[in-house]
Amino acid sequence: MLKGIHPLLGPDLLHAIATMGHGDEIVIADGNFPASTMGPPVIRADGVGAVEILEAILAHMPLDQFVEDSAWRMQVVGDPHAVPEICAEFQSVITRLAGDVQLESLERFAFYERAQTAAYIVATTELRIYGNVILKKGVVYPEEIHRV
């Protein structure tokens, strides 16, 4: 444990978000997501839900403010306008921790394609389907860095 670091950010995930640069993307995946065959390095978050990992990551990582979209969810197959409860929860966390950023939807296979180019995939054991989100890292400004 470290002071000031969200307790769900284990060493691997903390290293991942710290080494990502502006514009790099990270996937938070539910238990059904094919994380191991996508290509990017996979960080396991067993026993943890996707909403909790999203909150832990956004407590320390800004979203990109220089692009139109910086957060995406997977569309419901056959009903692209549906918003699953978990996606509404994602939006609530994003709004609270990242401000006026809208969680955009991507068709299932477009989501997979984007995930294949991510820096990392965090494989949770989230049981709710459509519990997947992609985040684009923003800039950390000098005044945001805690110095002792």
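Throughout this description, residue numbers start from 1 for each chain and increase along the sequence as written. At least 70 in pLDDT is required for a residue's local features to be given in this predicted model, at least 80 for side-chain atom pairs to be given and counted, and no such filter applies to totals for whole chains, interfaces and linings, which use all residues. Only hydrogens and water are removed before side-chain values are computed, so all heavy atoms of the structure are retained for them.

Among the nonpolar cores identified, the biggest contains 31 residues, and Leu 13, Ile 26, Leu 54, Ile 57, Phe 90 and Leu 135 are the most heavily contacted of them. If you list the elements that add at least two residues to this core, you get helix H1 (11-19), strand S1 (25-29), strand S2 (42-45), helix H2 (50-58), helix H3 (85-98), strand S5 (120-124) and strand S6 (133-136). The way it works is that DSSP assigns letters per residue, a run of H or I at least four long becomes a helix, a run of E at least two long becomes a strand, and they are numbered from the N terminus. The leading source of residues in this core is H2, at 7 residues. Note on contacts: a residue pair qualifies if any of its non-hydrogen atoms lie within 4.5 Å across the two residues. What Ile 26 contacts, discounting residues up to four positions off in sequence, is Leu 13, Ile 17, Met 20, Ile 57, Met 61, Tyr 120, Val 122, Val 133, Ile 134 and Leu 135. Grouped together as the second largest cluster of nonpolar side chains are 17 residues, Val 27, Trp 72, Val 76 and Ile 121 included. By nonpolar core is meant a set of buried Ala, Val, Leu, Ile, Met, Phe, Trp, Tyr and Cys residues that side-chain atoms within 4.5 Å join together. Only protein chains enter the accessibility calculation, which uses a 1.4 Å probe. A residue is then buried if its area is under 20% of the maximum for its type, exposed if over 50%, and partly exposed in between.

All right, on to the sheet that holds strand S3 (residues 71-74) then. In space, the 6 strands of this open sheet follow the order S2-S5-S1-S6-S3-S4, with mixed pairing throughout. Each edge of the sheet is formed by a strand with only one pairing partner; in this case those strands are S2 and strand S4 (104-106). Taking each pair of neighbouring strands and ignoring which way they run, the sheet shows an average axis angle of 25°. Alignment of S3 against S4, held across 3 bridges, turns out to be parallel. Bridging across to S4, Met 74 finds its partner in Leu 106. Orientation is described by axes fitted as lines to C-alpha atoms, over the contacting stretch for helices, and by angles from 0 to 180 degrees between their N-to-C directions. Across the face of the sheet, H1 comes into contact with S1, S2 and S5 while running at roughly 150° to S5. Against the sheet, H2 contacts S1, S2, S5 and S6, and its axis sits at roughly 155° relative to S1. At least two bridges found by DSSP between two strands is the condition for calling them paired.

With that settled, consider the environment of Ala 110. Relative to the helices and strands, Ala 110 is located in helix H4 (residues 108-116). We classify Ala 110 as partly exposed; its relative accessible area is 29%. Distance in space between the C-alpha atoms of Ala 110 and Met 74 is 8.6 Å, their sequence separation being 36 residues.

So, on to unusual backbone geometry. A positive phi angle, near 65°, is found at Tyr 130, a position not held by glycine. With relative accessibility at 15%, the residue Tyr 130 sits in the buried group.

So, about the pairing of S3. Of the two faces of S3, the one lined by Ala 71 and Arg 73 and the one lined by Trp 72 and Met 74 are each fully buried. Here S3 runs beside S6; their pairing, made up of 3 bridges, is antiparallel. From the neighbouring strand, Trp 72 faces S6, where its bridge partner is Ile 134. You can see the chain leave S3, run along H3 and come back into S4, and the turn it takes is right-handed. The definition of a right-handed crossover adopted here requires that, viewed with the strands pointing away, the path from the first strand over the helix to the second runs clockwise.

Any link to function would need more than the numbers given here.
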